[in-house]
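Observations on the three-dimensional arrangement
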Amino acid sequence: MIEAKKSRAFEWMFSLYNTWLLRTSFHRLYVRGHVVRTPALYVANHSSWWDGLIAFQLSRFVFQQNSYAMMSEEGLKQYPFFRKLGGFSVNRAQRKDIMNSLDYAVSLLRDGKSVWMFPQGEEQHIEKRPLQFFTGAVYVAERANVPIVPLAFYHSFRHHRKPEWFIHIGEPLYICDISGSNRKEKTAELERMCTAQLDDVRRLVIAEQIQSFRRWDGGKG
């Protein structure tokens, strides 16, 4: 696997560019939910090229965490600069590589870092159901003994030329809070919870009842 090779200077420079990119690409961004200040395993649905960039900004400016993110080996080879932002690879075609990546995530969490995972494993359409989570996130949470923070990412066009992005931050959970007698059952329950969060955001956006969200400018604001 390809390990992360973080650079504080590069993170700072990239955050300036990424803030500009989000502000110019979206009409508005919205956030609601509980902000966690302690190291955690963040899990979110994966439906867009933007997911990783949004996660980076959330980690830096909203959660203020030293975060790392699991991404596909193919993607990391194509965009190697993500290593400097905390990206590390997973190759789902090889079980040994998968386990190496999951154990690397565990070691980061035990060392006081935060980790982002997208349990769907690849981009899926925002409206696709079921979300179909892989069991890796539960495996990591079992061994690292850190809270899991489930997030819902939802994007939509409403009344403007540019799309809007909605983020729901769920309450932190420990693995013992997720029902199920084994990893497969706990993964199914985590998937159900994340699906419910995502569908609730979708319902509010369609009904134009977004008062519970606060505007976020994509950076420090």
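Residues numbered from 1 in each chain as written. Predicted model: local features only at pLDDT ≥ 70, side-chain atom pairs only at ≥ 80, totals over all residues. Heavy atoms only, no water.

Per an unreviewed UniProt entry, the protein goes by the name Lysophospholipid acyltransferase family protein and belongs to Anoxybacillus gonensis.

1. A closer look at the overall build of the protein
For the protein, the count of helices and strands is six helices and eight strands. Ordered by position from the N terminus, the helices and strands of the protein form the series α-β-β-α-β-α-β-α-β-α-β-β-α-β. Its C-alpha atoms give the protein a radius of gyration of 17 Å, within 12% of the compact-globule value 17 Å for 221 residues. With the principal axes as the frame, the protein shows a C-alpha extent of 50 × 40 × 30 Å. Burial statistics for the protein: of 221 residues in total, 52% are counted as buried. By sequence separation, contacts in the protein at least 24 residues apart represent 76% of the contacts at least 6 residues apart. (Helix = DSSP H or I, 4+ residues; strand = E, 2+ residues; numbered from the N terminus. Rg over C-alpha atoms; globule rule 2.2 N^0.38 Å. Buried < 20%, exposed > 50% of the residue type's maximum accessible area, 1.4 Å probe, protein only. Contact = heavy atoms within 4.5 Å.)

2. Observations regarding a nonpolar patch on the surface
Residues Trp12, Met13 and Leu16 make up a contiguous nonpolar surface patch of about 340 Å² in total accessible area. When you line up the elements, Trp12 lands in helix 1 (residues 8–25). (Patch = residues over 30% accessible without salt bridge, like charges linked within 9 Å, V, L, I, M, F, W, Y side chains within 5 Å. Areas by Shrake-Rupley, 256 points an atom, 1.4 Å probe, with all protein chains shown as cover. Salt bridge = Lys/Arg side-chain N within 4 Å of Asp/Glu carboxyl O.)

3. Overview of the sheet that holds strand 8 (residues 214–216)
Reading across from one edge, 4-3-5-2-6-7-1-8 is the order of the eight strands in this open sheet, with mixed pairing throughout. Since the sheet does not close on itself, it has two edges, and those belong to strand 4 (87–90) and strand 8, each with one partner. Averaged over all neighbouring strand pairs, the angle between strand axes comes to 30°, with direction disregarded. Alignment of strand 2 (residues 41–44) against strand 5 (residues 114–117), held across three bridges, turns out to be parallel. Each bridged residue has a counterpart across the sheet, and for Val43 the counterpart in strand 5 is Met117. In this fold helix 5 (residues 136–144) packs onto strand 2, strand 5 and strand 6 (148–156), with an angle of close to 165° to the strand it touches most, strand 2. (Pairing = 2+ DSSP bridges. Axes fitted to C-alpha atoms, helices over the stretch in contact; angles between N-to-C directions.)

4. A word on the UniProt feature "domain: Phospholipid/glycerol acyltransferase" (unreviewed entry) in the protein
Residues given the UniProt feature "domain: Phospholipid/glycerol acyltransferase" (unreviewed entry) here are residues 40–156. The span residues 40–156 is 37% helical and 23% strand by assignment, and the distance between its end C-alpha atoms comes to 28 Å. (UniProt positions renumbered as here; feature names shortened; annotations may be inferred.)

5. Some details on the nonpolar core
Counting 41 residues, the largest nonpolar core has Leu41, Phe88, Val115, Met117, Val140, Ile148 and Phe166 as the members making the most contacts within it. Of all the secondary structure elements, the ones that give two or more residues to this core are strand 2, strand 3 (67–72), strand 4, helix 4 (95–110), strand 5, helix 5, strand 6 and helix 6 (183–206). Excluding its chain neighbours within four sequence positions, the residues that come into contact with Val115 are Ala40, Leu41, Tyr42, Tyr68, Phe88, Ala105, Leu108 and Leu109. Within the second largest apolar cluster, 28 residues are counted, among which are Leu22, Leu58, Phe118 and Ile167. (Core = buried A, V, L, I, M, F, W, Y, C linked by side-chain atoms within 4.5 Å.)

6. Description of helix 1
An ideal rise of 1.5 Å per residue puts 26 Å on 18 residues; helix 1 measures up with 25 Å between its terminal C-alpha atoms. Of the positions making up helix 1, those classed as buried are Glu11, Phe14, Ser15, Asn18, Thr19, Leu21 and Leu22. Close packing links the buried residues of helix 1 with strand 1 (28–33) and helix 2 (51–62). (Expected span 1.5 Å × (residues − 1).)

7. Describing the pairing of strand 3
Where strand 3 lies against strand 5, three bridges are found, and the strand directions are parallel. Counted as the bridge partner of Ser67 is Ser114 from strand 5. Where strand 3 meets strand 4, four bridges bridge the pair, whose relative direction is parallel. Considered in strand 4, the bridge of Met70 is made with Phe88. Regarding the hand of the β-α-β motif, the stretch spanning strand 3, helix 3 (residues 73–78) and strand 4 is right-handed. (Right-handed = clockwise from strand over helix to strand, strands pointing away.)

8. Observations regarding the environment of Arg32
Mapped onto the elements, Arg32 comes out in strand 1. Here Arg32 falls in the buried class, since its relative accessible area comes to 13%. Excluding its chain neighbours within four sequence positions, the residues that come into contact with Arg32 are Ile167, His168, Ile169, Asp200, Val201, Leu204, Ser212, Phe213 and Arg214. Within the structure, Arg32 has its side chain in polar contact with the side chain of His168 (distance 2.9 Å). One polar contact links Arg32 to Asp200, side chain to side chain, over a distance of 2.7 Å. (Polar contact = N/O pair within 3.5 Å; in protein donor to acceptor, adjacent residues only side chain to side chain.)

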